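# Structural overview for review
What follows is each chain in one-letter form.
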Amino acid sequence: MNLKRLMFTAVVAATSLMGTLQASAAQADADPVLTATPSVVSPTTGGDVAFVVEGWSFPALIKVAINSTSLNASCNDTNLRRIILRSDRNGYFNLVGAARGCVSGVYRIEATEIQPPYRTFSTRVTIGSSQPDNGFRSIRATPAVADADGNIAFVVTGHSFAENGLVRFTSNSLNEACQATSLGGNSRVRADRNGRFVLPVLGRACIPGIYQLEATELVTPYRTYTTTVSVTAAR
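Please read these numbers as outputs of a predicted model, since none were measured by experiment.

## So, the overall build of the protein chain
What the protein chain contains, in helices and strands, is three helices and 18 strands. Looking at the protein chain as a whole, 40% of its 235 residues are labelled buried. In the protein chain, of all internal contacts separated by at least 6 residues, the share reaching a separation of at least 24 is 65%. Total accessible area computed for the protein chain in this model is approximately 12,300 Å², and 54% of it derives from carbon and sulfur atoms.

Written out as structure tokens, the structure reads:
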């Protein structure tokens with residue numbers, strides 16, 4: 001009986017190990033991919049834009065440098081100037097790409113491994129022209145993917161708000177689900193003359209789920225608008 005049990009345990013362990021090795025091999029064989037979300041952005045009247053840069057299926061825990069020479073040359077200021085970060089144990093990473101004073105065009109974003117095998121992968125983001133909205137006041141959020149440590153990045157856009165009006169952002173549910181977020185009680189943004197705004201949001205140690213975001217006008221009529229953001233775990 002003990003021998004049979006031992007053999008059964010060995011078979012189960014071998015099967016489990018084989019599955020783990022096959023999953024690891026599949027990850028290793030997958031080509032790394034770099035994406036920008038949204039890939040087409042509409043700037044504010046001041047040329048401000050924000051989007052999420054994500055890396056998928058990179059080697060686990062590898063250091064990469066994120067840069068955009070073309071975007072840096074066409075905007076007054078950007079944060080994509082050789083940012084160094086590390087992929088998680090699943091080969092995933094994320095960060096917000098933010099730029100101010102940009103002109104319309106198509107821009108290349110690169111992620112370069114700064115340790116072997118030193119490969120470079122790229123994606124593109126298209127910046128359109130600033131346009132008035134259709135008059136329907138709303139806020140929208142891009143989906144968020146949490147890395148292995150629960151770090152998230154997403155972008156909220158506002159549409160048809162009061163010209164140059166201040167808006168305060170809160171999310172009690174997201175703040176409770178994360179160890180820390182950039183949506184504190186004093187998180188404010190000003191709409192442009194078309195009533196549009198863009199707000200990058202960051203979170204640390206977040207739990208996957210669906211969370212409500214609230215945007216409250218700080219000018220009359222002081223209304224509050226809501227949307228949700230979906231946080232999923234990277235695989």
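There's more to say after this.
## Section: the pattern of salt bridges
In the structure shown here, the tally under the stated rule is five salt bridges. Between Glu217 and Arg223 there is a salt bridge, and its shortest N-O distance comes to 3.6 Å. Overlapping salt bridges bring together Arg137, Glu217 and Arg223 as one network.

## With respect to the pairing of strand β3 (residues 49-56)
Counted residue by residue, β3 has seven buried out of eight residues, so it is predominantly covered. For strand β1 (residues 33-37) and β3, the ladder comprises five bridges, and the chain directions are antiparallel. Of the residues in β3, the one forming a bridge with Leu34 is Gly55. Across seven bridges, the pairing between β3 and strand β7 (residues 93-100) is antiparallel. Paired with Ala50 across the strands is Ala98, a residue of β7.

## As for the nonpolar core
One finds Ile152, Phe154, Val156, Phe169, Leu174 and Phe197 to be the most contacted residues of the largest nonpolar core, which totals 25 residues. When residues of this core are traced back to their parent elements, those giving at least two are β11 (144-146), β12 (152-159), β13 (166-170), α3 (172-177), β16 (197-204), β17 (209-217) and β18 (224-233). Non-local contacts of Phe169, meaning those with residues more than four positions away in its chain, are made with Ile139, Val156, Leu183, Gly184, Ser187, Val189, Phe197, Leu199, Glu214 and Ala215. One finds Ile66, Ile109, Ala111 and Ile127 within the second-largest nonpolar core, a separate group that totals 24 residues.

## Some thoughts on the sheet that holds β7
Strands in a sheet are paired, the pairing made by backbone hydrogen bonds, and the direction either parallel or antiparallel. With antiparallel pairing, four strands are arranged side by side in an open sheet as β1-β3-β7-β5. Strands with a single pairing partner mark the edges of an open sheet, and in this sheet they are β1 and β5 (77-78). Judged from the two bridges that link them, β5 and β7 form a sheet pairing that is antiparallel. By the bridge assignment for β7, Asp77 is matched with Arg100.

## A word on unusual backbone geometry
Cis geometry is found at the peptide bond from Thr37 to Pro38, where omega equals -5°. Mapped onto the elements, Pro38 comes out in the loop between β1 and β2 (40-41). Pro117 follows Pro116 through a cis peptide bond whose omega is 10°. Structurally, Pro117 can be placed in the loop between β8 (105-113) and β9 (120-127). The phi torsion at Ser57 lies on the positive side, around 60°, for a residue other than glycine. Relative to the assigned elements, Ser57 resides in the loop between β3 and β4 (63-67).

Rules of the game
Residues numbered from 1 in each chain as written. Predicted model: local features only at pLDDT ≥ 70, side-chain atom pairs only at ≥ 80, totals over all residues. Heavy atoms only, no water. Helix = DSSP H or I, 4+ residues; strand = E, 2+ residues; numbered from the N terminus. Buried < 20%, exposed > 50% of the residue type's maximum accessible area, 1.4 Å probe, protein only. Contact = heavy atoms within 4.5 Å. Areas by Shrake-Rupley, 256 points an atom, 1.4 Å probe, with all protein chains shown as cover. Salt bridge = Lys/Arg side-chain N within 4 Å of Asp/Glu carboxyl O. Pairing = 2+ DSSP bridges. Core = buried A, V, L, I, M, F, W, Y, C linked by side-chain atoms within 4.5 Å.

That is the geometry; function is a separate question.
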